[in-house]
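Report on the structure
Each chain, written out:
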Amino acid sequence: MNEQPSVVVRSIRAVRALLLLLIAAEAAHAAAFPLIVRQETPIGRSGNPGGLVVAPDGGLVYLGVGRTVVAYDATSATPTASIAVPGTVADLAIAADGSRAYAALGDANAVAVLGLKPLRLLDLWRMRTKPSALLLDPTTGSLYVESAAAHRLAEFDVATGRVRARLRLEGRLAQMVANGYGGLFVAVADRDAVDVVDTRTLRLAGTYPVQTCDGPSGLALDPVGRRLFVACTSGGVAVIDTDAGFTFETLPGPPGAARGLFVRSPTGADGWKGVAFFATSQGTLDAVRMMAFIRYVDGGLKLPRGGGPMAFDPQRHRLWLATQSTNGGDATGSLLILGAASAAPVSGVRP
Amino acid sequence: MSLARRLMPLCVVALLTPYSAAHAAHARSALPPWSALAGRRVAFVSGADAAVPNDDALVRAHLRALGLRVDRVTDAAPSSAAAGASLIVISSTADSNRLGGKYAHMAVPVFTWNTADYPNLGLTGPRLHHDFDVMEPIQHFAESFSMLYGYGANTTSALSRAAGLKPQLFGTLYLEPATVGWGRPGPGGRVIVDFNGSVGKAGVFTYERGAMLANGRSAPGRRVGFYLSDANFHLLTAVHGPAARDPQLRDWYLGLRLFDASLRWALATPPAPPRYDPAALDARLAAIARGRKLLFVERIDASEGREADRQIVAHLRGLGFDVVVADQMEPESRAAGMDLMIISSTCSKYKLANKYVDVKVPLIALEGLMSDTLHLAGRKRFVDYGEHGEEKESEDPPTRYVDIVDPASPMAAGLAIGPVAFTRGPGVLKWARPTPDAIVVATLPGSPTQAAIFGYPAGATMADGFVAPARRALLPLDNPTYRDMTVEGKALFDAVVLWAIGGERR
């Protein structure tokens, strides 16, 4: 009696083993954080970071820290220029053509208009309220300025510096993002909701309830997949279908006030198609990685300090993250530059 | 923040979202508001060792957010653990073998998404894949996607109106493959939502208290079967933000609204079943008939059935109806100004053509073979409609009985569930398979899908998508003399006439 398995049986076993290996490999791959810290640069003691943007041509990265805006070389992460501004920078936004940047000066009730080539102060737009966040929508040519303390949203015409419209939103306003086709989303922490603003009219178009976690603060929007990732201060990331305002998934996530950033990299060498990053004040960086439009996995990274603003350099596939002291008295911070684990090491990497 | 508080806005939105003023007004009048149900106790039956993740905790929180008191009962607990509850909710996490029908006899309403337990409760037959099934995305990947689309099969029941169901597709669960259950309810069941264009695959179905279950027994209390499974309550569709302003999208994302309406219907007190009292029924009909105009369409001087027509007309006139007799060949304009019309089985279906289909006058057909022309049923003869006892047209023997399957309906005349002698001797009885929007009162013996007496409310979706312009009913009075009918048969006749003219609302 031949006890050896037949060729067919052996083939089936081999295929099954291969499938199991593939599944295990995908699971291991999925669970891993997609990036590692490849470089860290101190940002001094001049204040906490408030805003980080990458120039559209990928040459420079701008960081607002204290009452200064500093330009870094995107390759070496060394400072190349800086400019003092008449207020503490709360946030930065950069024009699509890379010619200008805007700085929300929280304690000066103003928005500073900066020329970037070279770095200089061009104008100062005074406001009645204290700006806390900026969002530049290239489709409307407007700069949206959020004033969390005043529960206000103002729309500036970037060509004239005039306010086109204002909107009052109820509650404690947190991060805002826009989809580029008429929708601006504002997290409202104390109402457990995300307000949806119609950018064509600057009117409240509706509200998404966030029902599965408390205190939505950080937002990351995938405008292609039409997914809004909402990080809550209680912990957890709700994934909302922005077409229906429906929370269809809630993933675990670290607690703490968060700032989010969605990075889409469909052809990237990083092995991922899209990731929603959330940096929390508690010193964590969470990544919700898109496996498919309905399947996500998350992973986390412990930061040396509290997470601050983030920006992604699509040319080098690197995430820039400003960290800040969680101790209010000590304003030391650093810029972390994260890249794919598989990429070649960057010169001067600190472990 | 508690889960209950978190879910409250969802409930409020689900309850307050307008779908149509007319529907909303009707829904309010038909089902009690949540405020009237607050504080009711719900026994939530779930698995003692249920697999995780599951949505049981979310469902319980949702029920609490609606104002209900929720007690958890494990599937291992005796049925007495649910004593005193206003509603028993059975999750699919409960082991159907442990449940074993222990709640089948309870008069308390049952709302269940434990598909495997449907046969234990008598909600469906026992055959997996035929009477009930659970479609899960690993084994049935493509079909589980098709289950994301439900169809509003019934739009006129109180539950359907409260949910805002329309005769169209809608999103049952959020757009990802999920495990979904369906059942094929028995003769007294009402299909509210179906899948894949098949009324035999009911996603949501109900039994009124007293209605005939799939096992032939009477439902001791209201029963609802729902398409959920262990871990997809959170995927029941709802819409928020700008999209919620679009009525089309509100009508699409109505899974949660349907769930809530089903709960509300189950918790509502069923109407008191009518009492069988032929004399009182006659008196009631007489009180309403006085001065009402009734058009009786017949084949004047028919060779067969002429006597029956005369007796029916005499009976109607005796009740006080102002009866106008019209020949089958007269134009349908004869129906103008009428309060009710009856088409006799002496009429030729062929000669009558498509007359009276559109008239906005309640209509009773005594000829089941006209089911297709009148859109009472589909167009497949012997499949969608047919007859028992006709020598050349039926394999079924002549009969004198009908099976009452929904004794709670006013059309049932207060007769109890089960067989009722309709005529004194066996003869021809017609049947049809109406759409789920019909109220089926009686079926033919041994043929639970062949409805003998049924009615469509105005606005109901009839066969071929035709919308009932006014009430429509079938009463299978095929040429026997009126005097051949039993007392019970005549009571059914009067009850159908009373229902058709809207008498139960007065």
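These numbers were taken from a predicted model, which means no experiment stands behind them. (Residues numbered from 1 in each chain as written. Chains lettered and ligands numbered in written order. Predicted model: local features only at pLDDT ≥ 70, side-chain atom pairs only at ≥ 80, totals over all residues.)

1. Observations concerning the overall build of chain B
Each helix and strand counted, chain B has 14 helices and 22 strands in total. Expected size for 506 residues packed as a compact globule is a radius of gyration near 23 Å; at 23 Å, chain B falls within 12% of this value. Across the 506 residues that make up chain B, the buried fraction comes to 55%. Across chain B, contacts joining residues at least 24 apart in sequence account for 66% of those joining residues at least 6 apart. (Helix = DSSP H or I, 4+ residues; strand = E, 2+ residues; numbered from the N terminus. Rg over C-alpha atoms; globule rule 2.2 N^0.38 Å. Buried ≥ 20, exposed ≤ 12 C-beta atoms within 10 Å, placed from the backbone. Contact = placed C-beta atoms within 7 Å.)

2. Side note on the environment of Leu-363 of chain B
Residues and elements named next belong to chain B. Following the sequence through the fold, Leu-363 ends up in strand β15 (residues 363-365). The exposure class of Leu-363 is buried, given the 27 C-beta atoms found within 10 Å. Residues Leu-363 and Asp-339, 24 residues apart in the sequence, show an inter-C-alpha distance of 9.2 Å. Sequence-distant contacts of Leu-363, defined by excluding residues within four places in its chain, comprise Met-341, Ile-343, Tyr-356, Ala-470 and Arg-472.

3. Quick word on helix α14 (residues 487-500) of chain B
All names here are of chain B. The end-to-end C-alpha distance of α14 is 20 Å, a good match for the 20 Å that 14 residues give at a rise of 1.5 Å each. With twelve of its 14 residues buried, α14 lies for the most part within the structure. Burial in α14 covers these residues: Glu-488, Gly-489, Ala-491, Leu-492, Phe-493, Asp-494, Ala-495, Val-496, Val-497, Leu-498, Trp-499 and Ala-500. Elements that come into contact with the buried residues of α14 comprise α11 (278-289), β14 (340-343), β15, β18 (418-421), β21 (447-456) and β22 (472-474). Where α14 ends, the next residue or the one after it, Gly-502, has phi of about 85 degrees, a positive value. (Expected span 1.5 Å × (residues − 1).)

4. Notes on the pairing of strand β7 (residues 100-105) of chain A
A regular strand places its side chains on the two faces of the sheet in alternate fashion. Residue and element names in this part refer to chain A. Where burial is concerned, most of β7 is hidden: five out of the six residues are buried. Strand direction decides the pairing type here: strand β6 (residues 89-94) and β7, joined by five bridges, are antiparallel. The partner of Asp-91 across the bridge, within β7, is Ala-104. Hairpin connection, β6 to β7: the antiparallel pair is bridged by five residues, and Gly-98 has positive phi, about 75 degrees. When β7 meets strand β8 (residues 110-116), the two strands line up antiparallel, connected through six bridges. Pairing of Ala-104 across the sheet is with Val-111, part of β8. The hairpin turn running from β7 into β8, its antiparallel successor, is four residues long, and Asn-109 in that turn takes a positive phi close to 50 degrees. (Pairing = 2+ DSSP bridges.)

5. Focus on the pairing of β14 of chain B
Residue and element names in this part refer to chain B. What you see with β14 is no split at all: Leu-340 and Ile-342 on one side and Met-341 and Ile-343 on the other are buried throughout. Two strands pair when backbone bridges link them, and strand β12 (residues 293-298) and β14 are joined in this way by four bridges, in the parallel orientation. Bridge pairing in β14 links Val-297 to Ile-343.

6. Let's talk about the interface of chain A and chain B
Opposite the 16 residues of chain A that make contact, chain B presents 17 residues. Ranked by residues supplied to the side of chain A that touches chain B, first place goes to strand β17 (residues 203-209) of chain A with five residues. Among the residues making up the side of chain A that touches chain B, the classes are represented as eight nonpolar, five polar and three charged. (Nonpolar A, V, L, I, M, F, W, Y, C, P; charged D, E, K, R; others polar.)

7. A look at the sheet that holds strand β13 (residues 162-168) of chain A
Residue and element names in this part refer to chain A. The antiparallel open sheet is built from four strands, whose spatial order is β10-β11-β12-β13. With partners counted over all chains shown, the strands left at the sheet margins are β10 (133-137) and β13, one partner each. Pairwise comparison of adjacent strand axes, ignoring direction, gives a mean angle of 20 degrees for this sheet. As judged from the five bridges shared by β10 and strand β11 (residues 142-147), these two strands associate in the antiparallel manner. Opposite Leu-135, over in β11, you have Tyr-144 as the bridge partner. (Axes fitted to C-alpha atoms, helices over the stretch in contact; angles between N-to-C directions.)

8. Points about the confidence of the model for chain B
All names here are of chain B. The predicted model of chain B has a mean per-residue pLDDT of 92, with 94% of residues at 70 or higher. Within the model, pLDDT remains below 50 along residues 1-29, and this stretch shows 48 contacts once partners closer than five positions in the same chain are excluded. The complex model carries a pTM of 0.89, and its ipTM stands at 0.85. (pLDDT = per-residue confidence, 0-100.)

9. Some remarks on unusual backbone geometry
A cis amide bond, omega 0 degrees, links Lys-117 of chain A with the succeeding residue Pro-118 of chain A. Examined against the element boundaries, Pro-118 of chain A turns out to sit in the loop between β8 and β9 (119-126). Cis geometry is found at the peptide bond from Val-52 of chain B to Pro-53 of chain B, where omega equals 0 degrees. Along the chain, Pro-53 of chain B falls in the loop between β1 (41-46) and α4 (56-65). For Arg-226 of chain A, which is not glycine, the phi torsion reads 55 degrees and is therefore positive. For Arg-226 of chain A, the position within the fold is in the loop between β18 (216-222) and β19 (227-232). Phi is positive for Asp-464 of chain B, which is not a glycine, with a value near 65 degrees. Take Asp-464 of chain B: there are 11 C-beta atoms within 10 Å of it, and that puts it in the exposed class.

10. Thoughts on the nonpolar core
A general trend in soluble globular proteins is that nonpolar side chains are found buried together. Counting residues in each nonpolar core, the largest one holds 270 residues, and the members touching the most others are Ala-103, Val-230 and Phe-277 of chain A together with Met-341 and Val-496 of chain B. Sort the elements by how many residues they give to this core and α14 of chain B lands first, with nine residues. The residue makeup of this core includes at least three contributed by each of domain 1 (3-267) and domain 2 (278-505) of chain B. Residues contacting Met-341 of chain B, with those up to four places away along its chain left out, are Leu-294, Leu-295, Val-297, Ala-335, Tyr-356, Val-361 and Leu-363 of chain B. (Core = buried A, V, L, I, M, F, W, Y, C linked by C-beta atoms within 7 Å. Domains from an automatic or database assignment.)

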